[in-house]
Amino acid sequence: MIIAVDGPTASGKGTIAKALAAHFGLPHLDTGLLYRAVGYQIFANGGDPEDESDALAATDFPDSLLENPELRNEETGGLASRVSVHRAVRQALFERQRAFATQPGGAVLDGRDIGTVIAPEAEVKLFVTASVEARALRRWKEMALRGESHTLPEIEEDLRRRDERDRNRAEAPLLVAEDAVVLDTSELDRDAAVAAAIALVEQHGLASR
Ligand code: DC
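Overview of the structure. Because the structure is a prediction, the values reported are computed rather than measured.

Looking at the site of the ligand
And step 1. In the region of the ligand, 15 residues are neighbours, and Arg36, Arg90, Arg112, Asp166 and Arg169 sit closest.
And step 2. Note that an oxygen atom of the ligand is positioned 3.0 Å from one of the side-chain N or O atoms of Asp166.
And step 3. In the complex, the protein chains occlude 96% of the 450 Å² of accessible area that the ligand would expose alone.
And step 4. Elements that contribute at least two residues to the shell around the ligand include exactly helix 2 (32-45) and helix 4 (74-83).
And step 5. The element best represented in the shell around the ligand is helix 2, accounting for three residues.
And step 6. The residue inventory of the shell around the ligand, partitioned by class, reads two nonpolar, six polar and seven charged.

Printed below as a string of structure tokens:
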């Protein structure tokens, strides 16, 4: 069974995807991490994120980079959003994601275009979303724990900018697949969101087997 989990930044999709993978005994790929690695690598190369050939060169990052905790910070997230608009970057990362999705036994992938581009045949497609305010508050709490200090309005503004870029880009924009189920986590805590996602997979995915 392939489970596609798409949604905007800080919607809870990563937490939900990880929990679904553990619950159903499936391997999990956080595809945002691949784009973050490209963003980080372009910075290391001294390249320009707006330049498609610089961005393509950065897709040749070492696998060990995926373990680097700096990939998770806000700056790298912003760079990832900028390099992800390039078609050449998306094509370069396609096969790796496709191979993961189609491995025997199935997989859980989270990202922006899993249900629309990477695995349109996924048995279950969840689109996880939440209000900008709820997402900003979560981000603010995570960042405070890591000792990063940004104000709530700064974080909200950054999320809006990233949403705008991810939704309006020409290549594989963030959109709800026609056959996706929308899960709004604005009012849910972690456990309630995970429980709701498991129930949706049981209802939609296991029924289609
Ligand atoms: O999910 P995330 O915040 O780690 O993703 C970082 C950026 O990578 C996001 O702003 C857009 C891009 N991305 C993408 O274009 N397609 C994906 N499947 C995953 C992430």
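Describing the side chain of Lys13
And step 1. Within the element layout of this structure, Lys13 appears in helix 1 (residues 13-24).
And step 2. No salt bridge is formed by the buried Lys13; its nearest oppositely charged neighbour, Asp110, is found at 4.6 Å.
And step 3. Ignoring sequence-local partners within four residues, the contact set of Lys13 consists of Val5, Asp6, Gly7, Pro8, Asp110, Gly111, Arg112 and Val128.

Some points on unusual backbone geometry
And step 1. If you check the backbone angles, Ala10 has positive phi at about 65 degrees while not being a glycine.
And step 2. Checked against the element boundaries, Ala10 lands in the loop between strand 1 (2-6) and helix 1.
And step 3. Since its relative accessible area comes to 13%, Ala10 is described here as buried.
And step 4. The residue Ala172 is not glycine, and still its phi comes out positive at about 45 degrees.

Conventions we followed
- Residues numbered from 1 in each chain as written.
- Predicted model: local features only at pLDDT ≥ 70, side-chain atom pairs only at ≥ 80, totals over all residues.
- Heavy atoms only, no water.
- Near = heavy atom within 4 Å.
- Polar contact = N/O pair within 3.5 Å; in protein donor to acceptor, adjacent residues only side chain to side chain.
- Areas by Shrake-Rupley, 256 points an atom, 1.4 Å probe, with all protein chains shown as cover.
- Helix = DSSP H or I, 4+ residues; strand = E, 2+ residues; numbered from the N terminus.
- Nonpolar A, V, L, I, M, F, W, Y, C, P; charged D, E, K, R; others polar.
- Buried < 20%, exposed > 50% of the residue type's maximum accessible area, 1.4 Å probe, protein only.
- Lys, Arg positive; Asp, Glu negative; His and termini not counted.
- Salt bridge = Lys/Arg side-chain N within 4 Å of Asp/Glu carboxyl O.
- Contact = heavy atoms within 4.5 Å.

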